[in-house]
Amino acid sequence: MRVLHHDQEASSPLLTDENIELVAAKLQELRLRLLDSTRRNPLINIRFTPTSTSFIRVVDELPDILRHNLSQGRQMRLAALPALEDELPDEQTDEFRDALFVARQEDEGYLADIAKIDPDGAKAEEKLMKAERSLKDRLREGLGLPPRQTKDAPSLADHARLHGVEPSHILPLPGDEHNDGRHSDDDIQTLLLPDRLQRSAKSILEKGRSFERETGVNVLHVAFGLLEWKSPDENDRFVSPLLLLEIRIDRKQSPQGAEFYLHGVDQVMVNTNLALKLQNEKKLALPDYGGGSVEDYFKTIEEATPSGWHWKVRREVCVGIFPSSKIAMYHDLDPEKRPLAEEETVVRLLATTGVGDGAYAETYGTDDPEVASKVPYVVMDADASQYSALVDVADQKNLAIEGPPGSGKSQTIVNLIASALADGKKVLFVAEKLTALDVVKNRLDAAGLGNFILPLQAGRGTAETVYESIETRLEMSRSPGPGRHSFDSRQRALERDRAILQGYLDALGAMLGSTGLTVHQVIGHAIATAETREALPREIRRLAIPNAGTMGAIEVEALVSEADAFGTRLGRIARMPVLWRASTAPITSHDMAEDHAETAASLAESLEIFEKDVAASSIAVFMTANPFVIDMKAICDLFSAAAREGGRIDPELLERLTDPVARRAARDLCGQLSERKTLVAQLGHSLRDAEGWNVGKRLAAAADFARARGRRLDSEQHRVRLAEIEGAVTDAREVICAASLLPRSWTSSGRTLRDIRDGARRIAEQSPDVLSLRRGDPMASVEAVAIEIDNTVSRLSTEIGRIRQALPSAEGSHNPGELRNAAAAIDGAGFFGRMGSAYKAARNTYTNVLGGRREDTQADMARRLWEYADWLDSRRDFDNGARYKEVFGPHFQGFNTDRTAIGRVVTWSAPTEVVHPLG
C-alpha cells in the first residue's frame, strides 16, 4: 500500500477569483463527461429487437392508470397472453356449444375418425382428443370465427384478439377504457406468451440486481411515452423515453410458474439524459413535468414541436433497464447549486499542477510513544504503512492511499472510521460500488461498531431502515464492564510484551565477542549445521573450544585448517590393513624386520597345511570352503548331542536301514499305522459323540441288541418301531400347528384350549361395529388414557374460549410462528418502530385478521398473541399424540375426538381383555 499527501502550507493563496473560475470551468467539463449521449444509451435511443431481453413492452393498458397505481406503491403483476393450448373464449359461447353438439352427431369426418379408434388401445384417449380438435377447427371455419393459433406458425396479434386483448403497443386513449375492468385491475398486459415473459422478466430482474451490486444504483424503470425525434442535422431518428419511474421487481412462485410483480419506489420524473442532450447539443429545452396526468404531458410535448424537426410522441409504456448511475453525480457537481469551486480541497486538486507539493508519505516508527499516542485505538491489524496513514490523518493531512487488491486499504478505512468515532467525530464514507461499502460495513460489524452505522445504500436506505437505525441509537446504553480500566490494563500489558520482544531483538542483533558475527548469525549457522553435528560421536561433540568468543576470522580459519589436516591423517589410517592397525610394538631395526617376515612366512605355511588336513578328514562335510570362518561352536554342539544319545543311536541299525528291503518294510509298517489311524477316525465319525463320556456304554448296548437278535441288526423291526413313533409325532404336530395360529398372548397365558374356545365364542357373539371400537390394551391402560384425553380436550376448550373473548376470529387455523413474530414486533416497537411496516403488519394481524380491539395496549396485544400461539402449539402436540393413536387408532381425532366413542371402547375393552387380550 502506498500513501501520498499534499503539503498543507502552500506558498501562495489558493482561493483566488482566478482559481475559482478555473475550477468552475473544469467542474462543468467533468459534468458533461459524466453523461452518455450516444445512441448506445437506452435513455437516448431504445432499440426494440425480437430477441431483446432488456425491455418488456405493454399493451392494452392506460398510461395514467399505470402511473397512478405504480407511483402509489401498488403491486402489479406482469401478465402474459394465455398459452396456445388454453381453451378459446369464443368456443365457450352457447352458439358454439350448440353447434358442436349437433356436429358430434352428424359430421361424417368426425364419425369416421372415432370409428377407427380402438377403445382398448394405448392412445385411444389421445386420438379422441385430436378428432375433437379437428371437429372444432372445422366448426370455427363454418361459423366464420378466426383461425386458432398453433405452435407451428402462431400470430400473437390474432391470438391476443381471440382472448380479448388489443395487441398494439400504441396504448388506448383515455376515452377507450373497457367496461370489463381490464384497465383498472392489478395486471399489466403484455404481448408475450408465458415462457417468453418469464425469460424476459427474469433477465431484467437479474441484470438490475447485478448493476445495483456493482454501482449501488437501481436501474429498473418504467418508461411512459417514447419521443421519436430527429433534428434537421441528424441522419437517423432517435426513440427516447420521456418519463421514467423507478421500480422494484419481486419474483413469486405460483402453481403456474414464476410470476413477477412491480411497484414504484419514487415519483415519475423527466428523462434527465434526454433533457440534457437536447439542451447541451441542440439548445432545446424539454418542458418540465410537475406530476399529474402523463396524458397532459404528452400533449405538451406534441405542442412543443421544434420547427423543421421530426417530432412524434408514441403513447407506449415499457419496463426495462435504464442505466442512470451518473445523473446524481452530474447534479452534485452543479456549481450553481453547490459552491464546490470555492472549497479549498477541490481547488487544490483541480487548480494546482501537483508538482513540488506532493510526496510519498513518511513511514513512522510504530513503537514510538509519541506516534502511538496519536492513534490510540486500532480495531484491525495494521502494518507500518497503514499505521502511518492513520497518523497522517490524525495530523490533519490531506492524503491519497493507493495499492493493489489485498494490500489493506479496507482495513485502513475501518481503522480510520473507528478512530474518528472514538474522537466523537462524524464520518461519511462514500464508494462508487456497493461491494466496497459492504466490505467496510461487515468489518465494522465484526469489530462491534455496527450500531454506529447508518447505511444509506441504494435499495436499502428506506425510511423504515432510517427509523429503526435512529431508534437503535436512542436506546443504546453503555454496557457494564471493566471499560477504560480494562483497556488501559491491556495496553500496559501490550507495551510490556513489546519491550520484552524488543530486548530479544536487541540481543539477537548484538555482536558476539570479537568474532565479527551477530548472535542471530551464530544461531542461524548452528541451526544450519545441527544435522552434521548430531552425526558426530559424543566425545567429539563434547570437545570445548577455549576462548571461542574472542576468536576472529583468521583464528577460526586456522582452526578449520588444522582440523582438516587431522581428518586427512585419520583417513589414511583407516585405509591400512587390520593386522597392521592392531600392532602397536615399534620396529627398531632392519634385522628385527627380517625376523618378523620369516615368522610370518612360517605361519602362512602352517595355516595352508592345516586347511588341507581339514579337507581330507571325516569332518569335511561339516566344514565350509574356508575352515577359518566355520562356526566351530555349532560342530561342537552336534558332537555333544551325539555323545548324550550314545545309548540310543545304534550304528548297526543305521546300516540295516540303508538296505532297500528294510526300508520298504519300514515304509509298509508306517502305512499300516496310518490306515489304523484312518479307521479309528471313521469310527469316530460313525458315533455322534465319539469322545463322549458314555460312548462305551452305548457301544455295549448296541452289542447286546445285536446278540439278542442273533448277532445282527434287523432293519424291518426298526421300520415298524419308527412308524409307531412317527404316528405319535404327527398327532402332536397337528395340535402344535393349530396352537401356532392363535395369538401368542393366548398360548402363553396358561389357558387350556377349551378356555380359549369359550372365549372365542364370546367374542364372535358381538356385532362388527362394536368389535371395531376395541384396540389392544396389554398394559390395562385404556381407561387411564381415555381420562387423559377427556381432560385435555376440556382444558383446550376452556382456553380457546377465553382467548376468543379478546380475539373472536381465533378459530385455531393460524400459524403460531407468524403469531409469535407479530407479538415480538408489537412488544419491541418503540416510538420510531411503530412507523415501520413490521409493526403495522403485526397490528393488522391482531385487529383485522384476529378481530382484536384497536384500543388495546401493546403489552395486551403481544400477550394475547403469545397465548394464542401457545394454545396452537398445545393443540398441535395433542393432535399428533402418538400414544393416543396407538391406543385408540382412528377413533382418536385430536381436539375433535368423539369422546362418546372413546367411552364405548373403554366399556367394551375392560371385560373382553380377560378373554381376548389384544396387543
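Let me sum up the structure you'll find in this document. (Residues numbered from 1 in each chain as written. Predicted model: local features only at pLDDT ≥ 70, side-chain atom pairs only at ≥ 80, totals over all residues. Heavy atoms only, no water.)

What to know about helix α32 (residues 782-806)
Here α32 spans 37 Å end to end across 25 residues, near enough to the 36 Å set by a 1.5 Å rise per residue. For α32, the full list of buried residues reads Val-782, Val-785, Ala-786, Ile-789, Thr-792, Val-793, Leu-796, Ile-800, Ile-803 and Ala-806. (Helix = DSSP H or I, 4+ residues; strand = E, 2+ residues; numbered from the N terminus. Expected span 1.5 Å × (residues − 1). Buried < 20%, exposed > 50% of the residue type's maximum accessible area, 1.4 Å probe, protein only.)

Observations concerning the pairing of strand β5 (residues 220-230)
Of all eleven residues making up β5, ten are buried, and the element is well covered by its neighbours. Across ten bridges, β5 lies against strand β9 (residues 310-321) in antiparallel orientation. The residue of β9 that forms the bridge with Phe-224 is Val-317. For β5 and strand β6 (residues 238-254), the ladder comprises eight bridges, and the chain directions are antiparallel. For Trp-229, the partnering residue across the bridge sits in β6 and is Phe-238. (Pairing = 2+ DSSP bridges.)

Let's talk about a negative patch on the surface
On the surface, Asp-591, Glu-594, Asp-595 and Glu-598 cluster together into a patch of negative charge. Among the structural elements, Asp-595 can be located in helix α23 (residues 590-616). (Patch = residues over 30% accessible without salt bridge, like charges linked within 9 Å, V, L, I, M, F, W, Y side chains within 5 Å. Areas by Shrake-Rupley, 256 points an atom, 1.4 Å probe, with all protein chains shown as cover. Salt bridge = Lys/Arg side-chain N within 4 Å of Asp/Glu carboxyl O. Lys, Arg positive; Asp, Glu negative; His and termini not counted. Charge placed at Lys NZ, Arg CZ, Asp CG, Glu CD.)

Some points on unusual backbone geometry
One non-glycine residue, Lys-283, lies in the positive phi region at around 55°. As for its position among the elements, Lys-283 is in the loop between α8 (272-282) and α9 (294-303). Although it is not a glycine, Gln-396 adopts a positive phi angle of roughly 65°. Position of Gln-396 among the secondary structure elements: in the loop between α13 (384-394) and β11 (398-402).

Focus: the side chain of Ser-407
With respect to the helices, strands and loops of the structure, Ser-407 is situated in the loop between β11 and α14 (409-422). Take Ser-407: its relative accessible area is 15%, and that puts it in the buried class. There is a polar contact of 2.7 Å between the side chain of Ser-407 and the backbone oxygen of Pro-404. (Polar contact = N/O pair within 3.5 Å; in protein donor to acceptor, adjacent residues only side chain to side chain.)

Regarding the nonpolar core
A general tendency of soluble globular proteins is for nonpolar side chains to be buried together. Membership of the largest hydrophobic core comes to 46 residues, with the highest contact counts inside it found for Phe-224, Leu-242, Leu-243 and Trp-311. For this core, the leading source of residues is β6, giving six residues. Other than its neighbours up to four places away in sequence, Leu-242 contacts Phe-224, Gly-225, Leu-227, Met-269, Val-270, Asn-271, Leu-274, Tyr-297, Phe-298, Ile-301 and Val-313. With 34 residues, the next largest nonpolar core counts Ile-789, Ile-800, Ala-822 and Ala-842 among its residues. (Core = buried A, V, L, I, M, F, W, Y, C linked by side-chain atoms within 4.5 Å. Contact = heavy atoms within 4.5 Å.)

Quick notes on the pairing of strand β3 (residues 76-79)
Every other side chain in a regular strand lies on the same face of the sheet, so the side chains alternate between the two faces. Bridging between β3 and strand β7 (residues 257-264) involves two bridges; their strand directions are antiparallel. Looking across to β7, one finds that Met-76 is bridged to Leu-262. The pairing of β3 with strand β4 (residues 187-189) spans three bridges and is classified as parallel. The partner of Leu-78 across the bridge, within β4, is Ile-188.

Quick word on the pattern of salt bridges
The full count for this structure, using the stated rule, is 31 salt bridges. The partner of Asp-64 in a salt bridge is Arg-67, with the nearest N and O atoms 3.5 Å apart. Of the two residues, Asp-64 and Arg-67 are both situated in helix α2 (residues 63-71); the distance of three residues between them amounts to about one turn of the helix. Through salt bridges with shared partners, a single ionic network connects Arg-57, Glu-228, Arg-237, Arg-314 and Glu-316.

Regarding a nonpolar patch on the surface
There is a patch of nonpolar side chains on the surface, built from Leu-505, Leu-508, Ile-523 and Ile-527 and spanning about 380 Å² of accessible area. Elements with a contribution of two residues or more to the nonpolar patch: α17 (483-509) and α18 (519-528).

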